[in-house]
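A structural walkthrough
In case you want the letters, here they are:
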Amino acid sequence: MAVVRRGRTSSVLSSVPLQILFYVNGIYYIFYFLATLAMIVYKSQVFSYPDDFLAPDLALLFIMAILEVLRLYLGSKGNLTEEEAPLGLSLVITVGSVILSVYFLVWQTYVLKADVIINAILLFTYGLESVLKVIAVAAFVS
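In this text the structure is predicted, and so the values were computed from the model without any measurement.

Comments concerning the nonpolar core
The biggest cluster of nonpolar side chains holds 16 residues, and the ones touching the most others in it are Y29, Y32, L61, M64, F104, I118 and L122. Contributing elements (two or more residues each) for this core: α1 (16–46), α2 (51–81), α3 (84–107) and α4 (113–141). It is α1 that contributes the most residues to this core, 7 residues altogether. Contact partners of Y32, with chain neighbours within four places excluded, come to L61, M64, F104, I118, N119 and L122. By size, the runner-up hydrophobic cluster in this structure holds 8 residues, among which are L18, L21, L72 and F140.

What follows is the structure in structure tokens.
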């Protein structure tokens, strides 16, 4: 879409699929957070969950929530303003979110089948978002 202004052309470079994915991932992460929190509480009541691991698991979940808010805000802002710096920073924060998601998928004290499913979906959306972010940054730079 080109807009003509006094001899100049300007095109919109923002990625609509990326913006939609930010929105969907924001809604999914609310579900993910609440489901993971409920599963941690469930595991601490039903299984012999070591007290030494309960607090770190909860702390990592809340750290992941903070990272997710920052990641989605910077990604959305970078995409809508067509700036590569916030989008690139969002891509870097995605690496931290992926590591935390892998922790909840593999290294958590008890891993339920529900943990595997919701983390697999989250990792899939992170991968898809990362690809779209790289494409958007490439479009912004060129």
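Some words on the pattern of salt bridges
Think of it this way: side chains of opposite charge can pair up when their charged atoms draw near. Going through the model one piece at a time under the given rule, you end up with 4 salt bridges. Salt-bridge contacts for D115 lead to K43; the nearest nitrogen and oxygen are separated by 2.8 Å. You can see D115 sitting in helix α4 and its partner K43 sitting in helix α1, a full 72 residues away along the chain. For K43, a relative accessible area of 0% corresponds to the buried category. In this structure, the salt-bridge partner of R71 is E129, at a minimum N-O distance of 2.2 Å. Taken together, the residues R71 in helix α2 and E129 in helix α4 connect sequence positions 58 residues apart. Note on R71: relative accessible area 0%, which makes it buried.

Regarding the side chain of N119
Looking at the element boundaries, N119 is found in helix α4. Apart from the residues within four sequence positions on either side, N119 is in contact with Y32, S101, F104 and L105.

Points about the packing of α2 against α3
In contact at an axis separation of 8 Å, α2 and α3 are set at 155° when each is read in the N-to-C sense. With respect to α3, the axis of α2 lies roughly antiparallel. Here the hand of the crossing between α2 and α3 comes out left-handed. Taken together, the residues of the contact of α2 with α3 break down into 14 nonpolar, 8 polar and 3 charged.

Regarding the packing of α1 against α4
At a minimum axis separation of 10 Å, α1 and α4 run at an interaxial angle of 155°. In terms of axis orientation, α1 runs roughly antiparallel to α4. Handedness of the α1/α4 crossing: left-handed.

Side note on α4
Over its 29 residues, α4 runs 42 Å from end to end, which matches the ideal 42 Å to within 8%, given 1.5 Å per residue. Those residues of α4 that fall on the buried side of the exposure criterion are D115, I118, N119, L122, T125, Y126, E129, S130, L132, K133, A136 and F140. Buried positions along α4 lie against α1, α2 and α3.

Digging into the packing of aromatic side chains
Applying the stated criterion to the full structure yields 7 aromatic pairs. Measuring from centroid to centroid gives 5.8 Å for Y28 and F31, while their planes differ by 50°, and the two rings are tilted. In this pair, Y28 and F31 are both assigned in helix α1, 3 residues apart and thus about one turn of the helix distant. By relative accessible area, which is 15% here, Y28 ends up buried.

What about the environment of K43?
For the pair K43 and L60, spaced 17 residues apart in sequence, the C-alpha to C-alpha distance is 16 Å. The contacts of K43, once residues within four sequence positions are left out, are Y49, Q108, Y110, L112 and D115.

Conventions and cut-offs
Residues numbered from 1 in each chain as written. Predicted model: local features only at pLDDT ≥ 70, side-chain atom pairs only at ≥ 80, totals over all residues. Heavy atoms only, no water. Core = buried A, V, L, I, M, F, W, Y, C linked by side-chain atoms within 4.5 Å. Buried < 20%, exposed > 50% of the residue type's maximum accessible area, 1.4 Å probe, protein only. Helix = DSSP H or I, 4+ residues; strand = E, 2+ residues; numbered from the N terminus. Contact = heavy atoms within 4.5 Å. Salt bridge = Lys/Arg side-chain N within 4 Å of Asp/Glu carboxyl O. Axes fitted to C-alpha atoms, helices over the stretch in contact; angles between N-to-C directions. Parallel < 35°, antiparallel > 145°, perpendicular 65-115°, else oblique. Left-handed = near helix turned anticlockwise from the far one by under 90°. Nonpolar A, V, L, I, M, F, W, Y, C, P; charged D, E, K, R; others polar. Expected span 1.5 Å × (residues − 1). Phe/Tyr/Trp six-rings, centres within 6.5 Å; stacked < 30°, edge-to-face > 60°.

By themselves, these figures tell us nothing about what the structure is for.
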